[in-house]
Amino acid sequence: MLFLAAEGGESTHNPIIPLWQEIVVGSVAFAVLCFVLMKFVFPRMEQTFQARVDAIEGGIKRAEAAQAEANQLLEQYRAQLAEARTDAAKIRDDARADAEGIRQDILAKAREESDRVIQAGKDQLAAERATIVRELRAEVGTIAVDLASKIVGESLADEARRKGTVDRFLSGLESTGAR
Amino acid sequence: MFGQANVLAAGQAAFPPTVDDFYLPSILPWNDHDSIWFTKITAMVWIAVGVLIIFFLATYRNPQLVPTKKQWFAESIYGFVRNNIAVDMIGHAGVRFAPYFTTLFCFVLLTNAFAIIPFFQISPNSHIAFPAILAIISYVLFNYIGIKKHGFVKYFKNSLIPPAPWYILPLLIPIELFSTFIVRPFSLAVRLFANMFAGHMLLLVFTLGGFAMLSANAWLAPVSVLSWVMTIALTFLEFLVICLQAYVFTVLTASYVQGALADEH
């Protein structure tokens, strides 16, 4: 049908001359396309690309920072651990030294105490002995004088002689006892 | 479209095809040869615009850092034009032109592709009006960019005066003027138009030729079949031309912008 219409004579169209209606339609349509795509689509794509680059680079940076922090913490913990070990060893040594010191102290005190107790006992003994000896001496003297008086039947009146006699006797007794 | 099919079925196709076969009657009002506002051609332009807008808005409504398949596809179109055309031709400064180049590339590619998509089967770019619009935009774009960057005088000095001995300049300056400021928009428009026009004409010749031979003599049926097989082969060729011309149009525009931005001639 349409071909028959064109068949009549010369071609009614020149393909190299643009139709102004098509220029209008094409301009409007392309302007709309440009407006929408260049305003709402491609800038967002550019943003997404940028965000992606940031995400990758940021991720690498964050990982590096985390790695560095982990390394630093590890070093710190190691240092702390070493320090703690040294401290513990020092504390153990101190404790051992303290314990030794305390033991020595206690031993010394105990020894001192025992020496003191022994000394006190000895002193007391000596004192008691001296008292007893003194008393005995007086008593023995009296008894001996009494006895001798009874035996002799008379009082040994002379005090000075009596005293010297008893003393002599007792010294002789002592020296025989000590021997 | 349906008229054409009826004609083909009835074996009354006019052969050889003429330029008038490119000028289809309007859709609204129906079958009017004088009204051009709403024809198959303009409808296809609107469809191309609509499809591109819907495709990109739908795929990029909610962009993710890790893209979905559709988003990845839309991004790779943009990434292709951005990296392989804009940045390759212009350098890093080309990124700001990438949105326009991508729009241009997609529009030309899709309108070209109508040449071989069933039921469309003619490209709007086989009407020179559409390539002409795009070429004028490219022309205005590269001149505007150049003047904006260098200033009016320096831009024309850069463009017109090549680094050559003074005595040859009287010959070179007119040539430069002619090639840069007069021929460029025409060559851009005509290259695209002529490729799509010739492609459609070629397919028409082989398709209608098959019908013409069949209706002339039944014994020519095998040759008709051969003619149609050729049509299929030429459709593949046409596919190549479609992609190539879209690419070439975009690359040349980028190249002109690059030339306008360059400091030296």
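Structural data are supplied above this passage.
The model shown is predicted, which means the values in this text are computed figures rather than measured ones.

### Thoughts on the overall build of chain B
A tally of regular secondary structure across chain B gives eight helices and zero strands. Secondary structure of chain B in N-to-C order comes out as α-α-α-α-α-α-α-α. Its C-alpha atoms put chain B at 70 × 55 × 35 Å along the principal axes. A burial count over chain B gives 37% of its 265 residues as buried. Of the contacts made within chain B by residues no fewer than 6 positions apart, 63% connect residues no fewer than 24 positions apart.

### Focus on the overall build of chain A
Along the backbone of chain A there are three helices and zero strands. Mapped from its N terminus to its C terminus, chain A presents α and β elements in the order α-α-α. For chain A, buried positions account for 6% of its 179 residues.

### A look at the interface of chain A and chain B
Across the contact, 37 residues belong to chain A and 40 residues belong to chain B. Elements with a minimum of two residues in the side of chain A that touches chain B: α1 (2-7) and α2 (20-152) of chain A. Ranked by the residues each element gives to the side of chain A that touches chain B, the list is headed by α2(A), at 24 residues. Along the lines of polarity and charge, the residues of the side of chain A that touches chain B split into 26 nonpolar, seven polar and four charged.

### A look at unusual backbone geometry
Residue and element names in this part refer to chain B. Of note in the backbone geometry, Phe119 takes a positive phi value of approximately 80° without being a glycine. Look at Phe119 and you get exposed, because 8 C-beta atoms sit within 10 Å. Located in the positive-phi region is Gln121, a residue other than glycine, with phi close to 55°. Within the element layout of this structure, Gln121 appears in the loop between α4 (98-113) and α5 (129-150).

### Looking at the nonpolar core
Ranked by size, the top nonpolar core spans 60 residues in total, and within it B:Leu52, B:Ala86, B:Phe101 and B:Phe107 carry the most contacts. Going through the elements one at a time, α2 of chain A together with α2 (40-59), α3 (69-90), α4, α5, α7 (169-216) and α8 (221-261) of chain B are the ones with two or more residues in this core. Sorting elements by how many residues they give to this core places α4(B) first, with nine residues. Once residues lying within four places of it in the same chain are set aside, the contact partners of B:Leu52 are A:Leu33, A:Leu37, B:Cys106, B:Phe107 and B:Leu110.

### Brief notes about α2(B)
Residue and element names in this part refer to chain B. Its 20 residues place the ends of α2 28 Å apart at the C-alpha level, agreeing with the 28 Å of an ideal helix rising 1.5 Å per residue. Three or more residues of α2 are buried, namely Ile41, Thr42, Met44, Val45, Ala48, Val49, Leu52, Phe56 and Thr59. Each buried residue of α2 lies within a common arc of 165° when the element is viewed along its axis, so the set occupies one face. In α2, the exposed positions angled more than 90 degrees off the buried face are occupied by Val51, Ile54 and Ala58.

Calculation rules
- Residues numbered from 1 in each chain as written.
- Chains lettered and ligands numbered in written order.
- Predicted model: local features only at pLDDT ≥ 70, side-chain atom pairs only at ≥ 80, totals over all residues.
- Helix = DSSP H or I, 4+ residues; strand = E, 2+ residues; numbered from the N terminus.
- Buried ≥ 20, exposed ≤ 12 C-beta atoms within 10 Å, placed from the backbone.
- Contact = placed C-beta atoms within 7 Å.
- Nonpolar A, V, L, I, M, F, W, Y, C, P; charged D, E, K, R; others polar.
- Core = buried A, V, L, I, M, F, W, Y, C linked by C-beta atoms within 7 Å.
- Expected span 1.5 Å × (residues − 1).
- Arc of directions from axis to C-beta.

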